[in-house]
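Spelled out from the first residue to the last, the chains are:
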Amino acid sequence: MPHTAETATAYVVTAVEAKGTATRHDFDIPSIVSITHSLTESWDFDSVDPNMFWNIVATFLEH
């Protein structure tokens, strides 16, 4: 399966909703996808360093 912006978005949504304590509506998902892609130059978010990924996610928590 090729990695695209859509698969990256699905990855982010799945990750933030995985524990059941947050939903996609609690985060700026498009910004998370954009910044992660910009930093990694890849749509394959499975290969992203987990610490970096969660730091990016935390930055885009909408209050």
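Above this text you will find the structure in question.
Scoring rules and cut-offs
Residues numbered from 1 in each chain as written. Predicted model: local features only at pLDDT ≥ 70, side-chain atom pairs only at ≥ 80, totals over all residues. Heavy atoms only, no water. Helix = DSSP H or I, 4+ residues; strand = E, 2+ residues; numbered from the N terminus. Buried < 20%, exposed > 50% of the residue type's maximum accessible area, 1.4 Å probe, protein only. Contact = heavy atoms within 4.5 Å. Salt bridge = Lys/Arg side-chain N within 4 Å of Asp/Glu carboxyl O. Axes fitted to C-alpha atoms, helices over the stretch in contact; angles between N-to-C directions. Parallel < 35°, antiparallel > 145°, perpendicular 65-115°, else oblique.

Draft legend 1. Representation of the environment of histidine 37 in the model. Along the polypeptide, histidine 37 turns up in helix H2 (residues 29-40). Classification of histidine 37 by relative accessible area gives partly exposed; the value is 24%. Along the backbone, histidine 37 and valine 48 are 11 residues apart, and their C-alpha atoms lie at a distance of 9.5 Å. When sequence neighbours within four positions are dropped, the list of residues in contact with histidine 37 reads Ser42, Trp43 and Phe45.

Draft legend 2. Layout of the pattern of salt bridges. Applying the stated rule across the entire model yields one salt bridge. Of the charged contacts in the structure, one is a salt bridge between arginine 24 and glutamate 17, with a shortest N-O distance of 3.2 Å.

Draft legend 3. Expanded view of the packing of helix H1 (residues 5-17) against helix H3 (residues 50-59). Across the interface, H1 lies against H3 with an axial gap of 12 Å and an inter-helix angle of 80 degrees. By the angle between their directions, the pair H1 and H3 is classed as roughly perpendicular. Side by side, H1 and H3 meet where Tyr11, Val12, Ala15 and Val16 of the first sit next to Phe53, Trp54 and Val57 of the second.

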